[in-house]
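Structure assessment
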There are 2 protein chains.
Amino acid sequence: MSVTFAQGFSASGVAAGVSAVEGKKDLAVVVNNGPLDVAAGVFTANRFCAAPVQWSRKAVADGHIKAVVLNSGCANACTGKEGFQQSADTAARLGELAGVPAESIAVCSTGMIGDLLPLDNVLSGVEKAYGEVSDSAEAGELAAEAILTTDTKKKTVALEGAGYRIGGMVKGSGMIAPQLATMLCVITTDAKVTAEQARAALSAGVETSFNRIDVDGCMSTNDTVLLLASGASGVEPDAAEFNKLVADACASLSRQIIGDGEGASHDIRVKVTGATSEDAALACARAVAASNLLKCAVAGNDPNWGRVVSSLGTVPQDVAPYDPNNVTVDVNGVRVCDGGRPGRPRAEVDMTPREVHFDIDLGEGDAEATVWTDDLTHEYVHINADYES
Amino acid sequence: MSVTFAQGFSASGVAAGVSAVEGKKDLAVVVNNGPLDVAAGVFTANRFCAAPVQWSRKAVADGHIKAVVLNSGCANACTGKEGFQQSADTAARLGELAGVPAESIAVCSTGMIGDLLPLDNVLSGVEKAYGEVSDSAEAGELAAEAILTTDTKKKTVALEGAGYRIGGMVKGSGMIAPQLATMLCVITTDAKVTAEQARAALSAGVETSFNRIDVDGCMSTNDTVLLLASGASGVEPDAAEFNKLVADACASLSRQIIGDGEGASHDIRVKVTGATSEDAALACARAVAASNLLKCAVAGNDPNWGRVVSSLGTVPQDVAPYDPNNVTVDVNGVRVCDGGRPGRPRAEVDMTPREVHFDIDLGEGDAEATVWTDDLTHEYVHINADYES
């Protein structure tokens, strides 16, 4: 269903000749047909942010975007002024077609860092894609397909509120880490919301979703999450419900990224409870989720709690107060570490499910946080030793 | 040559039945025969530090240690009061044999986290090892062998000052990250130094060596570096020379750890220059050295500078001020990124040498720092998915 699930949006996905893979769909367009053109965006914190990020951050600053063009196959990152001009030219072309200024167009790119776009292919691709836009479910799926790189499957979401809808698509598989993940995401809604409502809902939703997944600890140059609102339903949503649905859409899409992490054979949930604050819980969860050794152990179906506590022990006392002698670790429901010491035998843990849960209780307070990550497999190394990205 | 290169030291290495590998040498003893028994120690910052670390930190606090017992095969970490008592018992047994209090004995363990030691084996191993100590070069080599785990080779050092000597051994291959690395290290000297001199030399030496290597970003529970001084040469060394030699010994041993990193096919040097401060340079070097994506790229002989700058871009502006548009990256001497944009073609880079150099110039100041790491290979995943440690 993707971005066209919400009323007032049309989309398309075409093969424009950006990707090195012959015939791969690599360019998508999402058009907001209104009546509103409300938009909010969240972008990578990377200081080497890509040209399209620089462009789109400015474009969305006023809370309005008419359409988005996204390409896979080239990140247009670290490409200097020439790269920025390419993003501007791309926006200008779609703007001409849609009858709006370039500044009403957002641009997203993903792929290899350090290469300029094949601009002629992109510009003719924009024309082709704009000529094919449709509000059908199929068109939404084509757009979701065109933005993929090392992803092995499309990632979309479709949710219904009271009289309005939320749709979305995302790409992301490697170079995924807080803050944000290496991904491009477009969420659409036909709810009638203001730019401020959209911004607040998106910021809150991203914080507990895209900012809490970590495939490989590597922050991207191109991360972009956009929320577009058409108002086509005519419904002014209840704020709490709307915020929750946007957060649910972010959670679903980010969870799908973990489910398709490069080379992953397990999706790992690290949940830390009993912390003195959410920040403390989050710092602990992030430290555990970042452990290469733990991620390898999970790949080998080993419920290695020693690698959990050794990671936990790297978080400074002033960041997360706790007593190591009070910490418990459950792996898939079995308390293998109890009070900082060995608990139940590891052999009791069933590691065969795709999803592996590490539940860590610091025994110090009431706050909690959850981070998702993937295991570290031979396939991850293969993909990233052999794929130039 | 190892720890017996310096006069006044004897050592041994025996198979005590701690390791799961039948017949593997797994217990070493190093005895300081004096006349001095000066010692200094640096230990892991991990809050889940192991029982032997808790024991040895106290033992060395007064600046004096008579002997050290080290075992591989079991870390005695996260083992509670019972584990601490095992370290105390081990120290007591060697103390009895050497005719000194238990508090004059340091204990080091490495291996699996969360298991208690097979104490009977350890205690009989201590007796056997103490019975075999010798000041021969061979005895030093046996000790260096007995402390290895996933290491594939012994790591030793032997340096000569003006009338005195420094010897040393280290183990470490995985779970290697700042601060410190997962390793046990004993450095010996026959120089006549005070506890304060030893402490100062060791702290400074560790800071630019063991604290600047990173195999896999994972901090250990058992890291220990000990410096023992016998004074047997009768020579009071020049302070500057002594400090430099201790630092050289630390540098040599830590470099050997990188050369034997788990599964590594390349040793990677990340040198950051042009920073506003050493801390800024170090933060940048650590961020680059920690990138799984970059480490995979190197494993695939890909001089992927995009993964260098995307890691560099995660360091906050207030930590390391620089302008992305002024940054250059040389890989093995070829400037592939110039002013934040593509420079020379990657194809010009020869990635076949074992050692790969990333030289990053921030173009902002005069400070620099260097961090060493390894590439991330299939073999690393294999070792850590299949080996319980």
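Chain A has the name Arginine biosynthesis bifunctional protein ArgJ in an unreviewed UniProt entry, where Bifidobacterium primatium is given as its organism. On record in UniProt, under Sequence similarities (unreviewed entry), the comment for chain A is "Belongs to the ArgJ family." What UniProt states about chain A under its Subcellular location (unreviewed entry) heading is, verbatim, "Cytoplasm".

Now for the pattern of salt bridges. Residues and elements named next belong to chain B. This model, assessed by the stated rule, comprises 28 salt bridges over all chains. Between D248 and K244 there is a salt bridge, with the nearest N and O atoms lying 2.7 Å from each other. Of this pair, D248 and K244 both sit in helix α6 (residues 239-259), four residues apart, which is roughly one turn of that helix. In this structure, D359 and R269 form a salt bridge, with 3.0 Å as the shortest nitrogen-oxygen distance. In this pair, D359 is assigned in strand β15 (residues 355-361) and R269 in strand β11 (residues 267-275), connecting sequence segments 90 residues apart.

This part covers the pairing of strand β5 (residues 105-110) of chain A. Residues and elements named next belong to chain A. Most of β5 is tucked away: six of the six residues are buried. Residue alternation in β5 divides its side chains into two sets, I105, V107 and S109 and A106, C108 and T110, and both sets are buried. In this region the chain leaves strand β4 (residues 67-72), passes through helix α2 (residues 80-98) and returns to the parallel neighbour β5; the handedness of that crossover is right-handed.

What follows is about the interface of chain A and chain B. On the side of chain B, 56 residues touch chain A, which itself brings 55 residues to the contact. It is R47(A), F48(A) and L293(A) in chain A that bury the most area against chain B; as a group they hold 19% of the surface buried on that side. The interface formed by chain A and chain B includes zero salt bridges. For the side of chain A that touches chain B, the elements supplying multiple residues, two or more each, are α8 (292-299), α9 (305-312), β14 (341-342) and α10 (378-386) of chain A. Tallied by class, the residues present in the side of chain A that touches chain B amount to 28 nonpolar, 20 polar and seven charged.

Across the six residues that make up strand β1 (residues 9-14) of chain B, a large majority, six, are buried. Of the two faces of β1(B), the one carrying F9(B), A11(B) and G13(B) and the one carrying S10(B), S12(B) and V14(B) are both buried.

The interhelical angle for the contact between α8(A) and helix α10 (residues 378-386) of chain B, taken along N-to-C directions, is 70°, at an axis separation of 7 Å. The pairing of α8(A) with α10(B) is recorded here as roughly perpendicular in orientation. Residues N292(A), L293(A), C296(A), A297(A) and A299(A) of α8(A) form the contact with α10(B), whose participating residues are Y380(B), V381(B), N384(B) and A385(B). Across the contact of α8(A) with α10(B), the residue classes tally to seven nonpolar, two polar and no charged.

What counts and how
Residues numbered from 1 in each chain as written. Chains lettered and ligands numbered in written order. Predicted model: local features only at pLDDT ≥ 70, side-chain atom pairs only at ≥ 80, totals over all residues. Heavy atoms only, no water. UniProt positions renumbered as here; feature names shortened; annotations may be inferred. Salt bridge = Lys/Arg side-chain N within 4 Å of Asp/Glu carboxyl O. Helix = DSSP H or I, 4+ residues; strand = E, 2+ residues; numbered from the N terminus. Buried < 20%, exposed > 50% of the residue type's maximum accessible area, 1.4 Å probe, protein only. Right-handed = clockwise from strand over helix to strand, strands pointing away. Contact = heavy atoms within 4.5 Å. Buried area = accessible area lost by both parts, 1.4 Å probe. Nonpolar A, V, L, I, M, F, W, Y, C, P; charged D, E, K, R; others polar. Axes fitted to C-alpha atoms, helices over the stretch in contact; angles between N-to-C directions. Parallel < 35°, antiparallel > 145°, perpendicular 65-115°, else oblique.

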